Amino acid sequence: SRIQWSITDHADEQPSTYALELRNGCLIYTPDKMLDSPDAEVSSAKSALGDAVFGATTVADAVAGGSLAVTGDAGVVSALFELLDDFPFWFPIVQP
């Protein structure tokens, strides 16, 4: 999967662009790289991305509400978030 993501509320008012590539179960992100033919292009505020990552909203609800703007295959974006594991906030890293 190849996703071009733009964060629109960057401090210098210029969107921050990231190329996201999922290959062999590994997510690779590259700042300031433009993909030739991404499967999807997403534009959002940083807070909307955080809401989707931390489960405050689903990708489908964020797209429907307008906080995530997706062009191309929105299923690719949903599939990426479905691959993320959900850990309890204070999970024990080391147990006796």
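Residues numbered from 1 in each chain as written. Predicted model: local features only at pLDDT ≥ 70, side-chain atom pairs only at ≥ 80, totals over all residues. Heavy atoms only, no water.

**Digging into the pattern of salt bridges**
Consideration 1: Across all of its chains, the model carries three salt bridges by this definition.
Consideration 2: Where R23 meets E21, a salt bridge forms, and the shortest distance between an N and an O atom there is 3.8 Å.
Consideration 3: Looking at R23, the relative accessible area reads 44%, which means it is partly exposed.
Consideration 4: Relative accessible area serves as the criterion here: at 8%, E21 is assigned to the buried category.
Consideration 5: Sharing partners across several salt bridges, the network here consists of R2, E21, R23 and K33. (Salt bridge = Lys/Arg side-chain N within 4 Å of Asp/Glu carboxyl O. Buried < 20%, exposed > 50% of the residue type's maximum accessible area, 1.4 Å probe, protein only.)

**Concerning unusual backbone geometry**
Consideration 1: The phi dihedral of N24 is positive, around 55 degrees, even though this residue is not glycine.
Consideration 2: Along the chain, the position of N24 falls in the loop between β2 (16–23) and β3 (26–31).
Consideration 3: Take N24: its relative accessible area is 85%, and that puts it in the exposed class.
Consideration 4: In the Ramachandran plot, D32 falls in the positive-phi region, its phi being about 60 degrees despite a non-glycine side chain.
Consideration 5: Looking at the element boundaries, D32 is found in the loop between β3 and β4 (40–44).
Consideration 6: Assessed through its relative accessible area of 68%, D32 is described here as exposed. (Helix = DSSP H or I, 4+ residues; strand = E, 2+ residues; numbered from the N terminus.)

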